[in-house]
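For reference, the chains in residue letters:
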Amino acid sequence: MKNLFKKTVLTAALMGAFSVVAMAEEAQPIAVEAEVVSEGYQLQDPVATVNGKEVSKAELENFLLLSQGVEVDEVESPEVAIQLVKLLGTQDALADEAKKRGLDKDEGYQLKMRLIGDLFLADLLFQNMIDKGEISQEELKAQYDAAVKQLEKNEYQASHILVESEDEANAIIADIKSGKTTFAEAAKEKSLDTATASRDGSIGGWFRLSMMDPSFGEALKGMEKGKMSETPVESQFGYHVIVLDDVRDLGLDIKPFDELDEETKLQLAQPLFQKYVEEVQEKVNVELPKAAQ
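About the criteria used
Residues numbered from 1 in each chain as written. Predicted model: local features only at pLDDT ≥ 70, side-chain atom pairs only at ≥ 80, totals over all residues. Heavy atoms only, no water. Pairing = 2+ DSSP bridges. Helix = DSSP H or I, 4+ residues; strand = E, 2+ residues; numbered from the N terminus. Phe/Tyr/Trp six-rings, centres within 6.5 Å; stacked < 30°, edge-to-face > 60°. Buried < 20%, exposed > 50% of the residue type's maximum accessible area, 1.4 Å probe, protein only. Expected span 1.5 Å × (residues − 1). Bend = angle between axes of the 7 residues up to and from the residue. Contact = heavy atoms within 4.5 Å. pLDDT = per-residue confidence, 0-100. Axes fitted to C-alpha atoms, helices over the stretch in contact; angles between N-to-C directions. Patch = residues over 30% accessible without salt bridge, like charges linked within 9 Å, V, L, I, M, F, W, Y side chains within 5 Å. Areas by Shrake-Rupley, 256 points an atom, 1.4 Å probe, with all protein chains shown as cover. Salt bridge = Lys/Arg side-chain N within 4 Å of Asp/Glu carboxyl O. Core = buried A, V, L, I, M, F, W, Y, C linked by side-chain atoms within 4.5 Å. Lys, Arg positive; Asp, Glu negative; His and termini not counted. Charge placed at Lys NZ, Arg CZ, Asp CG, Glu CD.

## A look at the pairing of strand β6 (residues 238-249)
Alright, step 1. Pairing of strand β4 (residues 154-163) with β6, which is carried by ten bridges, proceeds in the antiparallel orientation. Paired with Leu-162 across the two strands is His-240, which belongs to β6.
Alright, step 2. Here strand β5 (residues 233-235) pairs with β6 via three bridges, running antiparallel. Note on β6: the bridge partner recorded for Glu-234 is Tyr-239.

Set out below in structure tokens:
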């Protein structure tokens with residue numbers, strides 16, 4: 001399984017403590033009782049008992065997300081569960097000691113707690129606006145439709161002839177149309193792209209339009225399979241004469257809007273909430289003190 005222990009200053013210190021003194025007797029040991037299952041381990045609720053106090057699954061879940069950035073369901077063994085609960089228990093023990101010393105009354109601590117609390121309140125506001133329909137299902141559906149429209153659904157194969165000027169490209173198109181030369185011959189003789197020239201102009205392999213110069217990709221979208229561009233296509237590299245050799249559907253499995261899970265709908269809602277944030281921000285008046293003379 002993946003490494004669940006994110007390298008932060010706090011967890012590094014705690015993990016270091018476990019590796020050095022895990023088997024040592026402590027004055028106030030953190031006693032963890034957890035059900036051990038050899039295969040298919042699933043956390044219970046409560047997940048464990050720490051020094052006689054039950055630890056709920058919700059408490060461990062929030063701790064893991066905040067300190068490790070992982071989901072509680074990613075815990076796959078009792079050994080890992082015990083270590084993670086020990087991290088939580090150790091944090092609680094350190095916090096208790098700090099409170100005994102009155103450090104929770106420290107102004108810096110109080111300020112940080114207010115600011116952190118405000119961040120979580122803003123997150124709750126986001127969820128509340130969705131729950132109350134202030135960000136409607138219709139708005140989410142519009143976001144979904146826009147996202148689906150932007151998805152690249154095709155791959156392409158194409159050939160091109162690259163030259164420096166538009167006049168050169170027009171002359172090549174005229175010669176090919178008149179039968180004076182073929183596309184393959186013109187590519188070998190006149191293309192500045194020597195790599196594709198050696199393949200009769202073929203770019204080689206399948207590609208998506210986003211991988212190409214924007215003007216090149218835009219030209220391909222409007223072309224028919226097997227056809228040559230009627231006019232030169234300008235890009236940052238020069239002027240192209242293009243043939244669309246083939247196109248295929250990627251066969252994307254796009255879930256209907258009604259089948260999206262809540263997490264995906266939250267992602268769709270974020271730009272809408274951001275608009276609300278920007279509206280609120282516009283009303284925030286900021287005045288800096290006058291500079292001292």
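Further notes follow.
## Some words on the packing of aromatic side chains
Alright, step 1. Taken as a whole, this structure holds three aromatic pairs when the rule is applied.
Alright, step 2. Taken together, a centroid distance of 4.9 Å and an interplanar angle of 35° make the contact between Phe-126 and Phe-273 tilted. In this pair, Phe-126 is assigned in helix α4 (residues 107-131) and Phe-273 in helix α10 (residues 262-282), connecting sequence segments 147 residues apart. Note on accessibility: Phe-126 and Phe-273 belong to one class, buried.

## Quick notes on α10
Alright, step 1. Across its 21 residues, α10 extends 30 Å between first and last C-alpha, which sits within 8% of the 30 Å expected from 1.5 Å per residue.
Alright, step 2. Of all the bends in α10, the greatest, near 35°, is centred on Gln-270, and the proline Pro-271 appears no more than four residues after it.
Alright, step 3. All of the buried residues along α10 are Lys-265, Leu-268, Ala-269, Leu-272 and Phe-273.
Alright, step 4. Buried residues belonging to α10 abut α4 and α5 (137-150).

## Here's the deal with the confidence of the model for the protein
Alright, step 1. Per-residue confidence for the protein gives a mean pLDDT of 85, with 86% of residues at or over 70.
Alright, step 2. Ignoring residues within four places in sequence, the model shows residues 1-38, a span with pLDDT below 50, making 59 contacts including any to other chains.

## Looking at the sheet that holds β5
Alright, step 1. The antiparallel open sheet is built from three strands, whose spatial order is β4-β6-β5. Lying at the two open borders of the sheet, with one neighbouring strand each, are β4 and β5. Between one strand axis and the next, the sheet turns through 50° on average, direction left out of account.
Alright, step 2. Each of β4 and β6 is contacted by helix α7 (residues 183-190), which is oriented at about 55° to β4, the strand it contacts most.

## What about a nonpolar patch on the surface?
Alright, step 1. Taken together, the side chains of Leu-125, Tyr-276, Val-277, Val-280, Val-284, Val-286 and Leu-288 present a nonpolar region at the surface, about 620 Å² in accessible area.
Alright, step 2. Per-element accounting of the nonpolar patch gives the leading share, three residues, to α10.
Alright, step 3. Of note, Leu-125 is situated in helix α4.

## Section: the nonpolar core
Alright, step 1. In this structure, Leu-43, Val-47, Leu-60, Leu-64 and Val-75 are the most contacted members of the largest nonpolar core, which totals 17 residues.
Alright, step 2. Listing elements by their share of this core, those giving two or more residues are β2 (48-50), α2 (57-67) and α3 (78-100).
Alright, step 3. Of all the elements, α3 adds the most residues to this core, at six residues.
Alright, step 4. Non-local contacts of Leu-43, meaning those with residues more than four positions away in its chain, are made with Lys-57, Leu-60, Val-72, Val-75 and Ala-81.

## Considering a negative patch on the surface
Alright, step 1. On the surface, Glu-71, Asp-73, Asp-131, Asp-261, Glu-262 and Glu-263 cluster together to form a negatively charged patch.
Alright, step 2. Structurally, Asp-261 can be placed in the loop between β6 and α10.
Alright, step 3. Given the relative accessible area of 42%, Asp-261 is considered partly exposed.

## Examining unusual backbone geometry
Apart from glycine, the bulk of residues carry a negative phi angle, and the bulk of peptide bonds sit in the trans form.
Alright, step 1. Residues Asp-45 and Pro-46 are joined by a peptide bond in cis, for which omega reads 10°.
Alright, step 2. Here Pro-46 lies in the loop between β1 (32-33) and β2.
Alright, step 3. Of note, Asn-51 is a non-glycine position whose phi angle comes to about 50°, a positive value.
Alright, step 4. The topology assignment puts Asn-51 in the loop between β2 and β3 (53-55).

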